[in-house]
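Residue-level structural notes
Below, each chain spelled out in residue letters.
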Amino acid sequence: MLSRGLLSGSQPGAQRDFRAFLPRFSRDNRAANERLVETLRALAADKGATAVQLAVAWVLAKGETIVPPIGARKRPQLIESLGALDVQLSASDLARIEQTLP
């Protein structure tokens, strides 16, 4: 859901980081994906949230039978993701997110 760290700003690091081989992190795709992430960050800032929190809140808003996978490896990542519980999205917020991000 968080696109292998793309939403949190994480970048493939070590030579053995498998993400370096994922198409979303290739040079051409990376630039396009960064523009989308910046748009998501701007939408999140309007709600007083991070992009990660907005993404989790969006999944939570999709219905009670849908559960966002939180793949936090560190406590601060989990705390940030759980902050989505405080993000309230209106129908117009959801429409804005879905129109902005394909």
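Residues numbered from 1 in each chain as written. Predicted model: local features only at pLDDT ≥ 70, side-chain atom pairs only at ≥ 80, totals over all residues. Heavy atoms only, no water.

A word on the pattern of salt bridges
- On inspection of all chains with the given rule, the structure shows four salt bridges.
- A salt bridge links aspartate 93 to lysine 47; the shortest N-O distance between them is 2.8 Å. Linking aspartate 93 in helix α4 (residues 91-100) with lysine 47 in the loop between α1 (27-46) and α2 (51-61), this pair joins segments that are 46 residues apart in sequence.
- Given the relative accessible area of 34%, lysine 47 is considered partly exposed.
- Close ionic contact of lysine 62 with glutamate 98 constitutes a salt bridge, the shortest N to O distance being 2.6 Å. (Salt bridge = Lys/Arg side-chain N within 4 Å of Asp/Glu carboxyl O. Helix = DSSP H or I, 4+ residues; strand = E, 2+ residues; numbered from the N terminus. Buried < 20%, exposed > 50% of the residue type's maximum accessible area, 1.4 Å probe, protein only.)

Here we look at a nonpolar patch on the surface
- On the surface, a cluster of nonpolar side chains totalling about 410 Å² of accessible area is made up of Leu60, Ile70, Leu78, Leu82 and Leu85.
- Of note, leucine 82 is situated in helix α3 (residues 75-82). (Patch = residues over 30% accessible without salt bridge, like charges linked within 9 Å, V, L, I, M, F, W, Y side chains within 5 Å. Areas by Shrake-Rupley, 256 points an atom, 1.4 Å probe, with all protein chains shown as cover.)

A word on α4
- Within α4 the residues assigned to the buried category are Asp93, Leu94 and Ile97. For α4, the angular spread of the buried residues around the axis is 100°, confining them to a single face. Among the exposed residues of α4, those oriented more than 90 degrees off its buried face are Ala91, Ser92 and Gln99. (Arc of directions from axis to C-beta.)

Description of the nonpolar core
- Counting 14 residues, the largest nonpolar core has Leu40, Leu54, Ala57, Val87, Leu89 and Ile97 as its most contacted members.
- Counting only elements with at least two residues in this core, the list comes to α1, α2 and α4.
- With four residues, α2 is the largest single contributor of residues to this core. (Core = buried A, V, L, I, M, F, W, Y, C linked by side-chain atoms within 4.5 Å.)

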